[in-house]
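So you can see what is in the structure, the chains are spelled out below.
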Amino acid sequence: VKAKSSFMNNTLLTAEFSFKFGGTQDSFEVKGALGTIKDETLNKPLIPLAGVSVTGQIQKTDFTIKGNDISAITSMRLMYDSLRLNILQNESRKKNLLLTAVANIFTKKHNMPGDDQPVTTTYSFTRYPDRSFFNYLWNCVKKGALNTMLNAKQSGFGKKQVKKLMKKSTPAYQRAHQQEQKKK
């Protein structure tokens, strides 16, 4: 299935979905591309979905997700310029100054052709079995974007720290942490 759409009435989003059913295991492949998108447009879905806002401009995003019901391997190239992350607090949506400072220490500010070699990340994601297929795809894309921006290999910021930062930036984690604090 091939699809073209205007993402947030701002840029072209193309996607191609392939599904293989039958045999020993069902599988799928999703290829997608997103054109130039400004931070104010990108923040509309990012804030509620990831608890993060950005400043800067995304020039181009290409990704391929290959997976099955259990896990997926994703390859992503995200090209951007002058990027800064803002990790937000759960309900208030105010900037979490500490997490934002830590994230921006390790964030690669530019990932563009001409800046050495643009980073392409390849990673795996294990599906949450109680969540929808589109939640699965979203998590694959989110993990790829964070891995590219945090540039874990070059910064020395390890996989555990990336995972912890990603977890802490989710609204579900922040709600649970807030409830724990109220109990104390």
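Since the model is a prediction, treat every value here as computed from it, not as a measurement.

Peer 1: Summarise the overall build of the protein; cite the residues concerned and give the values.
Peer 2: When helices and strands are tallied, the protein shows 6 helices and 7 strands. Across the protein, helices and strands are ordered from the amino to the carboxyl terminus as β-β-β-β-α-β-β-α-β-α-α-α-α. Counting only residues that meet the buried cut, the protein has 39% of its 184 residues in that class. At a minimum sequence separation of 6, the contacts of the protein that also span at least 24 residues come to 58%. Total accessible area on the protein is roughly 11,100 Å²; 55% of this is exposed by carbon and sulfur atoms.

Peer 1: Kindly report on the nonpolar core, identifying the contributing residues and their values.
Peer 2: Core analysis: the largest hydrophobic core is formed by 30 residues, its most contacted members being F28, I65, L78, L85 and M149. Every element with two or more residues in this core is listed here: β3 (27-34), α1 (39-50), β5 (52-67), β6 (71-87), α2 (97-106), β7 (120-126) and α3 (133-150). The contact partners of F28, leaving out residues within four places of it in the chain, are S18, F19, I65, K66, G67, N68, A72, F133, Y136 and L137.

Peer 1: Would you mind going over the side chain of T74 in detail, with residue names and values included?
Peer 2: Following the sequence through the fold, T74 ends up in strand β6. Beyond its immediate stretch of four places on either side in the chain, T74 contacts T64, I65, T121, T122, Y123 and C140.

Peer 1: Pulling in residues and values, what's your account of unusual backbone geometry?
Peer 2: One non-glycine residue, N9, lies in the positive phi region at around 55 degrees. N9 sits in the exposed class, given a relative accessible area of 74%.

Peer 1: Give a description of the pattern of salt bridges that names residues and reports values.
Peer 2: For the structure shown, the criterion picks out 3 salt bridges. With its nearest N and O atoms 3.5 Å apart, the salt bridge here joins K60 to D62. Salt bridges here are not isolated pairs; linked through shared partners, they connect K60, D62 and R77.

Peer 1: Outline the confidence of the model for the protein, supporting the account with residue identities and numerical values.
Peer 2: On average, residues of the protein carry a pLDDT of 80, and 78% of them reach 70 or more. Here helix α4 (residues 152-155) stands out as the least confident element of the protein, with mean pLDDT 44; β3 is the most confident, with 94. Below a pLDDT of 50 lies the segment residues 152-159, which in the model reaches 10 contacts outside its immediate sequence neighbourhood of four places, other chains included.

Peer 1: Give a detailed account of the environment of G56, specifying residues and quantitative values.
Peer 2: Mapping G56 onto the fold places it in strand β5. By relative accessible area, which is 21% here, G56 ends up partly exposed. G56 sits 17 residues away from D39 along the chain, and the two C-alpha atoms are 5.7 Å apart. Setting aside residues up to four positions removed in sequence, G56 forms contacts with K38, D39, D81, S82 and L83.

Conventions we followed
Residues numbered from 1 in each chain as written. Predicted model: local features only at pLDDT ≥ 70, side-chain atom pairs only at ≥ 80, totals over all residues. Heavy atoms only, no water. Helix = DSSP H or I, 4+ residues; strand = E, 2+ residues; numbered from the N terminus. Buried < 20%, exposed > 50% of the residue type's maximum accessible area, 1.4 Å probe, protein only. Contact = heavy atoms within 4.5 Å. Areas by Shrake-Rupley, 256 points an atom, 1.4 Å probe, with all protein chains shown as cover. Core = buried A, V, L, I, M, F, W, Y, C linked by side-chain atoms within 4.5 Å. Salt bridge = Lys/Arg side-chain N within 4 Å of Asp/Glu carboxyl O. pLDDT = per-residue confidence, 0-100.

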